[in-house]
Amino acid sequence: MAGHKLLLTLGVLLAAAGLSGCSSTDGAEADSGAFHTLAEENADAKQYLPDDLPIPEGAGITFTQGEVAEGKKSSMLIYETEESMAVLGSTYQKYVRDKDLERGTEIVDSNNILINGKVSGSYSYSIIGSSSDSKPGGNEIIVTWILN
């Protein structure tokens, strides 16, 4: 679990460090792309993640992990997509609002996404996005969900 915490912490720090001159698009509505839910994915990614988590059509899941450590269930999902950061950001901001999830940091711009929150004794989550190093023109999204 210590390695998972370190990976999560490093991911959040790297994403935050990479965000410069960012502005929130919370009030801006982007053109909606085609999304489906995680429950509709044919992958092992569902473990401990919400079934209704939106995933863009055509996204390629590159990593999934679910584990139970110290009584906490945690999952990480990483996927690559051609969907724009504007559409991804507005979709995940809407998801967080519609689910009444407690929000912490919420930064969305044309190059990055950083949305996270925590409810003591219940859950914490983060959705981090940036351009994909391995797929030029694409974006990589990292979703982490921890249930207490």
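Residues numbered from 1 in each chain as written. Predicted model: local features only at pLDDT ≥ 70, side-chain atom pairs only at ≥ 80, totals over all residues. Heavy atoms only, no water.

Participant: What should I look at first to understand the pairing of strand β6 (residues 113-119) in this one?
Facilitator: When a strand is regular, its side chains alternate between the sheet's two faces. Burial within β6 is extensive, with five of its seven residues counted as buried. Looking at chain direction, strand β5 (residues 106-108) and β6 are connected through three bridges and run antiparallel. Bridge pairing links I107 to L114 in β6. Turn length for the β5-β6 hairpin, with the two strands adjacent in sequence and antiparallel, is four residues. Strand direction decides the pairing type here: β6 and strand β7 (residues 123-131), joined by seven bridges, are antiparallel. The partner of K118 across the bridge, within β7, is S124. (Buried < 20%, exposed > 50% of the residue type's maximum accessible area, 1.4 Å probe, protein only. Helix = DSSP H or I, 4+ residues; strand = E, 2+ residues; numbered from the N terminus. Pairing = 2+ DSSP bridges.)

Participant: Please explain the sheet that holds strand β3 (residues 60-69) as it appears in this structure.
Facilitator: Strand pairs in the sheet, formed through backbone hydrogen bonds, run parallel or antiparallel to each other. Here we have six strands laid out as an open sheet, ordered β3-β4-β8-β7-β6-β5, and antiparallel in their pairing. Among the strands making up the open sheet, the edge pair consists of β3 and β5. For this sheet the average axis-to-axis angle between neighbouring strands, irrespective of direction, equals 10 degrees. Pairing of β3 with strand β4 (residues 72-81), which is carried by nine bridges, proceeds in the antiparallel orientation. Along β4, the bridge assignment pairs E67 with S74. (Axes fitted to C-alpha atoms, helices over the stretch in contact; angles between N-to-C directions.)

Scope: geometric values only; no functional claims are made or implied.
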